Amino acid sequence: MSDRARLLAEHLRHRRLLGETEVFCEPGMREDILTRAESLTRKAGRGQATEAVTGAARVSTAASTAGSTIAAPLDRELERLAREGPTAEILGIEDLERLKAVSDACTRCGLHATRTRPVFADGSSTARVMCVGEAPGQKEDETGLPFVGRAGQLLDRLLASVGLGRSEVFICNVLKCRPPANRNPSPEEIESCSPFLRRQLSLVDPELVIAFGTFAARTLLNANESLGRMRRQVHQYEGRPLVVTYHPAALLRNPGWIRPTWEDLQRVREILDDGARAAPGDNHG
Ligand code: URA
């Protein structure tokens, strides 16, 4: 399949997963676009100029005489649909089950090729607290559940120390798929995956969010600050307090950070006990 065909097929598959019974959307998204795209690719290879009329949209495209480059409009339209169309739709999904189904089938970034399975979330969909980590590790990739390895066991103990059981929180990650060899998430992967996280946040609608580690904090705060700096303050994420603390995996390497993490979680406890939505952004630590 050509790249264009793959992009369009992916988009159509997402729409089907989203529950549409007729796989059709805006002008330019009909099957005939696919046929035209493929035929343009073939003609472009022979250095011909072609014009395509696509439903309500008229897209001119000319092949470079030098070779196989198709002038941009049709390419751009298809790429945009594959990139942005699904994002808008992810953000419009009405329930967590369907969001998980779309996440399970996601191919928005290269990690789908190396994952065993995506790791959507664990815990309660009506939780007061949402915990956001970085990305699945090996155990998570094998089981499909977040934070089940050594870092996860430490997370459970930390949460329990402030009276939060795993079933009382909603746990997920910035990335739903494991990066090979647990490398850091790339900016492109974070961008591709963050609509799922944003939608999880709006569907669960927790009273308070805890960002575990730099990637979660930077993603949720759209910031580029150090963890140390971000920890100093209780932030806000769409009207609810957001507490930044160390990632449990970092605590395994640096046990000296367990105490400050526990203090951050004490702050979480206090905010919950005070009624999280009423808590002003303030400084601590
Ligand atoms: N680290 C994370 O950030 N998330 C997991 O699910 C496991 C380890």
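Quick caveat: nothing in here was measured; it's all calculated off a predicted structure.

Before going further, it helps to examine the pairing of strand β6 (residues 208-212). Within β6, five of the five residues are buried, which leaves the element mostly enclosed by the surrounding structure. Alternating residues of β6 divide into Leu-208, Ile-210 and Phe-212 and Val-209 and Ala-211, and every residue in both groups is buried. Across four bridges, β6 lies against strand β8 (residues 240-245) in parallel orientation. Across the sheet, Phe-212 pairs through a bridge with Thr-245, a residue of β8.

So, about helix α8 (residues 214-221). Residues Ala-216, Ala-217, Leu-220 and Leu-221 constitute the buried set of α8. Mapping the buried residues of α8 onto a view down its axis gives an arc of 105°, with all of them on the same face. On its buried side, α8 packs onto β4 (129-133), α7 (187-204), β6, α9 (227-231), β7 (235-237) and β8. One or two residues past the end of α8 sits Asn-222, with phi positive at roughly 50°.

Mapped onto the elements of the fold, Leu-111 is located in the loop between α4 (96-104) and β3 (122-123). Leu-111 sits in the buried class, given a relative accessible area of 3%. In sequence terms Leu-111 and Pro-185 are 74 residues apart; their C-alpha atoms lie 9.9 Å from each other. Residues in contact with Leu-111, not counting those within four places in the same chain, are Leu-175, Cys-177, Arg-178, Pro-179, Pro-180, Arg-183 and Glu-189.

This part takes up the confidence of the model for the protein chain. When pLDDT is averaged along the protein chain, the result is 80, and 67% of the positions lie at 70 or above. In this model residues 281-285 is a low-confidence stretch, pLDDT under 50, and it forms 14 contacts with partners more than four residues away in sequence or in other chains.

Phi angles above zero are rare outside glycine, and Asn-182 is one such case at about 55°. The topology assignment puts Asn-182 in the loop between β5 (169-173) and α7. On the basis of relative accessible area, Asn-182 is assigned to the partly exposed category, the value being 45%. With phi around 45°, Glu-238 is a residue other than glycine that occupies positive phi space. With respect to the helices, strands and loops of the structure, Glu-238 is situated in the loop between β7 and β8.

In the vicinity of the ligand, the contacting residues are Gly-133, Glu-134, Ala-135, Glu-140, Pro-146, Phe-147, Asn-173 and His-247. A distance of 2.7 Å separates an oxygen atom of the ligand from a polar backbone atom of Glu-134. Asn-173 is positioned such that a nitrogen or oxygen atom in its side chain is 2.8 Å from a nitrogen atom of the ligand. Here the ligand loses 91% of its free accessible area of 240 Å² to cover by the protein chains. Split by residue class, the shell around the ligand holds three nonpolar, three polar and two charged.

Throughout the structure, instances matching the rule amount to eleven salt bridges. Note that Asp-104 is salt-bridged to Lys-100, the shortest N-O span being 2.7 Å. Pair noted here: Asp-104 and Lys-100 are both in helix α4, with a separation of four residues, about one helical turn. Judged by its relative accessible area of 30%, Asp-104 falls in the partly exposed class.

Attention now goes to the side chain of Arg-240. Tracing the chain through its elements places Arg-240 in strand β8. There is a polar contact of 2.6 Å between the side chain of Arg-240 and the side chain of Asp-205. In this structure the side chain of Arg-240 is engaged in a polar contact, spanning 2.7 Å, whose partner is the backbone oxygen of Pro-206.

All right, on to the nonpolar core then. Formed by 58 residues in total, the largest nonpolar core has its most connected members in Val-132 and Leu-220. For this core, the element with the highest residue contribution is α7, accounting for six residues. Those residues within four positions of Val-132 in sequence are excluded, and the remaining contacts are Cys-172, Asn-173, Val-174, Leu-197, Val-209, Ile-210, Ala-211, Phe-212, Ala-216 and Leu-220.

What counts, and where the lines are drawn
- Residues numbered from 1 in each chain as written.
- Predicted model: local features only at pLDDT ≥ 70, side-chain atom pairs only at ≥ 80, totals over all residues.
- Heavy atoms only, no water.
- Buried < 20%, exposed > 50% of the residue type's maximum accessible area, 1.4 Å probe, protein only.
- Helix = DSSP H or I, 4+ residues; strand = E, 2+ residues; numbered from the N terminus.
- Pairing = 2+ DSSP bridges.
- Arc of directions from axis to C-beta.
- Contact = heavy atoms within 4.5 Å.
- pLDDT = per-residue confidence, 0-100.
- Near = heavy atom within 4 Å.
- Polar contact = N/O pair within 3.5 Å; in protein donor to acceptor, adjacent residues only side chain to side chain.
- Areas by Shrake-Rupley, 256 points an atom, 1.4 Å probe, with all protein chains shown as cover.
- Nonpolar A, V, L, I, M, F, W, Y, C, P; charged D, E, K, R; others polar.
- Salt bridge = Lys/Arg side-chain N within 4 Å of Asp/Glu carboxyl O.
- Core = buried A, V, L, I, M, F, W, Y, C linked by side-chain atoms within 4.5 Å.

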